[in-house]
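# Structural overview
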Amino acid sequence: MPVIAVGKLDDPLLAATAVKDGMCDMIALARQFLCDPYWASKVREGRLEEIVHCNYCNACHTAQQRGVDLRCTQNLNLCGEPVYKRIRQGRRR
């Protein structure tokens, strides 16, 4: 049965070690991709120093629970396009 590891495995070296050592078969990332949507590309290209890491503030989780646009303290552009589009149209929400 495949094992998917979840939770705070946004460090590419830690994630790769977990898979390589057989601790899991796959890594699941959610908040990390909200924080840095280019995470996978940066890892693939070896640009690890450019990764914007999630600080686990739960702003995205809180927004989701409240039913409002997702927010991220590390990625201020998250869900920004729909907000800016509504503002241009004279609507806030």
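Refer to the structure above for everything that follows.
What comes next concerns the included structure. None of the values given here were measured: they were computed from a predicted structure.

### What to know about a nonpolar patch on the surface
Together, Ile-4, Val-6 and Met-26 make up an exposed nonpolar region whose accessible area comes to about 300 Å². Position of Met-26 among the secondary structure elements: in strand 2 (residues 26-28).

### Looking at the packing of aromatic side chains
Taken as a whole, this structure holds 1 aromatic pair when the rule is applied. Residues Phe-33 and Trp-39 carry aromatic rings whose centres are separated by 5.8 Å and whose planes lie at 80 degrees to one another, so their mutual orientation is edge-to-face. Given a relative accessible area of 9%, Trp-39 falls into the buried group.

### Considerations on the pattern of salt bridges
Taken as a whole, this structure holds 3 salt bridges when the rule is applied. Across the pair Lys-42 and Asp-36 runs a salt bridge, and its minimum N-O distance is 2.8 Å. For Lys-42, a relative accessible area of 10% corresponds to the buried category. Measuring nitrogen to oxygen at the nearest pair gives 2.8 Å for the salt bridge that ties Glu-45 to Arg-47.

The rules behind the values
Residues numbered from 1 in each chain as written. Predicted model: local features only at pLDDT ≥ 70, side-chain atom pairs only at ≥ 80, totals over all residues. Heavy atoms only, no water. Patch = residues over 30% accessible without salt bridge, like charges linked within 9 Å, V, L, I, M, F, W, Y side chains within 5 Å. Areas by Shrake-Rupley, 256 points an atom, 1.4 Å probe, with all protein chains shown as cover. Salt bridge = Lys/Arg side-chain N within 4 Å of Asp/Glu carboxyl O. Helix = DSSP H or I, 4+ residues; strand = E, 2+ residues; numbered from the N terminus. Phe/Tyr/Trp six-rings, centres within 6.5 Å; stacked < 30°, edge-to-face > 60°. Buried < 20%, exposed > 50% of the residue type's maximum accessible area, 1.4 Å probe, protein only.

The analysis is restricted to geometry; functional conclusions fall outside its scope.
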